[in-house]
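Commentary on secondary and tertiary structure
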Amino acid sequence: MMQAVVEEQLSGDVSVIRPPMIQPVDGWLESVWRQQVEAGHLPLRRLLGRVAERRLWMKVIQEDMHGQGGFSLIQPAAAAEQALRARQQWLMWGGDAEDKSQRHHFSFDNDCATFERWCSEFTAQLDSNAWATRADIYRSLLTVPIESKISIVLCHVLQLPPLTHQVLNHLGLLHQPVAPETELFDPLVTKKFPSRRAESMAVAKWAAQRHRDNAGSTAIVLLDFNRDRPELEYQLRQEFDCLGARYAALPVNFSSGMPLSKTPMFRDALMALRVASAYDSVALLRSEVLALLRSPFLHGGEDLDGIALLQLRKACTDLTSEHIDKRDLNHLAETFAPEAHLTQVFKTLRTDRSTRGKRLPSRWLDVIRSVLRLWQWPGRAALDSLEYQQFERLEVALDELVMQDCITGELSFQQVILLWEQCLDDRVFQPKTEEGAVQVFGPQEVVGLRFDALWICGLQSGLLPQRPQLLPFLPNWLQRHLGLLNSDSVALEASAVALLNSFRATHGEVRASYASEHEGLEILPSHLARPIASDDSPTQQQAPKHWPEPSPLELLDEGNVVVGDADIQWGGGASLISNQSNCPFRAWVSHRLGPADVAAPVFGLTPAERGNIVHDALRFTWEILKDSHSLRAMNATQIESLTRESTERAVQALERRAERRHCNVRKRVGSACLDLEIQRVAALLNSWLELEAQREGNFSVIEQEDSHELTLGSLILNLRPDRIDQLEGGRQVVIDYKTGAVHRSSWLGDRPSDAQLPLYALLNDSVEGVAFGRVHQEGVEYVFLGEALGLGGKELPLEDQVKRYEVAPLESWEELRRTWRGRLERLADDFVRGHAAIDPQPQACRYCALGSVCRYAQSPELTEEASTDLGGGAS
Ligand code: SF4
């Protein structure tokens, strides 16, 4: 157009020409209004942006609802958007809020009457605060006297609201517009695809091929831009191989850009800010949390694929709930990634008070910046071009909040983040791309441009022409009277035809397409289209080019599989020998067949979980104390703090183990239950350490739960004693913690019911004593075998300690060990030989889960009393 104007001027008798100024209509009118305000011809007002205008509507609606009292189904946010649109359309299409004859029609409908009330208050707020909307500044321009009018030519403007037209006429001499015909010569040939995906794939393939062939400028028009953009962008990335490392290298320019809030960098910043909100109860969507954990912008360059963060992501993925409570997220982070940057951030945020209270939006800016700094946003030292362009918009985006002060009043941190998200929604990010890139437009944006080839997507019924749709807050009569475009099917039809004609007139090749089905529903083509079957419908999704080729299937020959082996090397833990001793059948079922035990449901923690907490808490305590010197050097307060910390660690360890089995203990039993357990166990440990401090002589803890192998006949056992203490002089004593009843008798006799400590006694020659450490609410004590161990109580000679339970006297520790070895090897041999008799020791059946397998309680030789004693007849 510029060229045409210059040529026309040159053809005349002129020596100097002035090139025309080409501007978008609204942008130019806004600049004229600013000039008039600066020149003092119009009163000083602030032009509200869309977010501010919407907030003002919300404020008016909320105050009106409070004033009216009672129950209301109105959603202020949605109503604000509708009200904004209604007032704008009303004024732009020639309506007049002061015209009584127009306002009279509002009283016939409740919604319209309510809107009219809101509208009066909205206008009053604008006037009292010296604010204005776009329609208001256009109306004010009509009051300015214009002495010399400039020439205005409208190029390729399909439809202008009457008010805009009126203002342009007032400001300048409006020449015959250069506009496309509004009569359709013949329908546009339109390819029919079976789905939107197939349509997008075909378009992307076509555009990429043209780009590779250097075939001239290429444009794609999406008639429903918001709906179709994500799929098309994905397919274009696929075609240009820009899904992975080359993400920022996509040679495609999306004209409408993307809301800043949806760009990965700002999306992650908003998420980080939401997590920082002072309210613990904030629930985050699981998908958002996973995006947060994967974000390259929030972890200060940490390896996102490190094992800890991977485990944390897996734990979050495994949660069954769609929402993740912030407290749960904190807990999972401390469990799986205690050293990770984000866990440190959570810790800092927990004690941070800066996000509490209410302030004006502008007073939150420093807090927002400091929270983003804490997260180390934007993270990477070397941002790519697109990221850098986004990052540069931070301060401008924050300035939007300053403008909201006078509208919103004081807000909480949570509310201000929501408001900022709305501001970012309305701020479009348009990346600068290489020249010659494929251009993607919405339908109106391509008018007046010229491309060698253009493809129109989505030429379906209802999109072009659009269906008439009445606005809810304006009386139907008024909408028709004013000729609002959305209410007039004839005008919409003419506008659609003009659009297609404009495409045909200005672009080299014009293609069109539509998808004939969506989610099982048939879609009809636009009546402006002439559908034809598509011959290039790539329905199969291709794998990205950088993916490796799938491996060929491998066939295994079943004939080589060996079934059964007589030379199996059996092994197990101490429980194998204990079970063999208590009941050979139990050992055979448990350790050869290995059926999984189905635990009975319990409320709160199971006895095993409670036992584990005590064991772990003691282990953590002695990891710090190490010996009797340190213990005796501590005062009561220090001991209490140590036991509390150890118990908390033990509970965390329990939760970690459960997470690995995809269970969540905290969710199952509740935080209060765990807190109570911590109190209980910490108190128990205090009593236990008191007992330890009273032991005779010095000792040091030289081992805790270390693994040992012990060969017993043809069995290899894996043993993990709870603890081994070294006494003065180098003698050792093995200690096993018990939280239930303990008896010295369980180690002695031909068939010891608990073979654990006798097995531990065989580990090395320095072990000269074994002891149960009974850590129980009713009392703490050592029950031991051995001489001069200093474990408290009356120390009898070994012979006296064992004589009640042994037939033959055992006079020395060495003799006792030899006896134990003989008995235990015999039990091991029995097991290996397959000795599996149902031959339980007294009490063995009481806590055995295999009663329904062995049917021992139903054996005819058992008396009724004995059967009841076994647990009521296990079945
Ligand atoms: S219930 Fe008694 S007899 Fe049966 S397997 Fe268990 S211990 Fe052995």
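Residues numbered from 1 in each chain as written. Predicted model: local features only at pLDDT ≥ 70, side-chain atom pairs only at ≥ 80, totals over all residues. Heavy atoms only, no water.

This next bit is on the overall build of the chain. A tally of regular secondary structure across the chain gives 34 helices and 27 strands. Counting all 875 residues of the chain, 45% fall into the buried class. If you take every contact in the chain between residues at least 6 apart in sequence, the share linking residues at least 24 apart comes to 73%. In the form shown here, the chain has an accessible surface area of approximately 45000 Å², with 51% of it arising from carbon and sulfur atoms. (Helix = DSSP H or I, 4+ residues; strand = E, 2+ residues; numbered from the N terminus. Buried < 20%, exposed > 50% of the residue type's maximum accessible area, 1.4 Å probe, protein only. Contact = heavy atoms within 4.5 Å. Areas by Shrake-Rupley, 256 points an atom, 1.4 Å probe, with all protein chains shown as cover.)

Scored by pLDDT, the chain has a mean of 85; 89% of the residues are at 70 or more. With pLDDT under 50 throughout, residues 560–566 is counted as low confidence; its partners more than four residues away or in other chains account for 0 contacts. (pLDDT = per-residue confidence, 0-100.)

Bringing the packing of helix 24 (residues 584–593) against helix 32 (residues 813–833) into the picture now. Where helix 24 meets helix 32, the axes come as close as 10 Å, and the angle between the chain directions of the two elements is 65°. In this structure, helix 24 crosses over helix 32, and the sense of that crossing is right-handed. Listed contacts from helix 32 to A587, W588, H591 and R592 of helix 24 are F831, V832 and R833. A class-by-class count of the residues in the contact of helix 24 with helix 32 yields 4 nonpolar, 1 polar and 2 charged. (Axes fitted to C-alpha atoms, helices over the stretch in contact; angles between N-to-C directions. Left-handed = near helix turned anticlockwise from the far one by under 90°. Nonpolar A, V, L, I, M, F, W, Y, C, P; charged D, E, K, R; others polar.)

Right, let's talk about the sheet that holds strand 24 (residues 723–727) for a bit. Overall, mixed pairing links the 5 strands, which are arranged 21-24-25-26-27 in an open sheet. The sheet is open, and its two edges are formed by strand 21 (699–703) and strand 27 (779–786), each paired on a single side. For this sheet, the mean angle separating the axes of adjacent strands, direction not counted, is 30°. Bridge analysis of strand 25 (residues 732–738) against strand 26 (residues 767–776) gives 7 bridges, and the strand direction is parallel. Among the inter-strand pairings, V733 is bridged to a residue of strand 26, identified as G769. Across the face of the sheet, helix 25 (residues 607–625) comes into contact with strand 21, strand 24, strand 25 and strand 26 while running at roughly 140° to strand 25. Each of strand 26 and strand 27 is contacted by helix 32, which is oriented at about 75° to strand 26, the strand it contacts most. (Pairing = 2+ DSSP bridges.)

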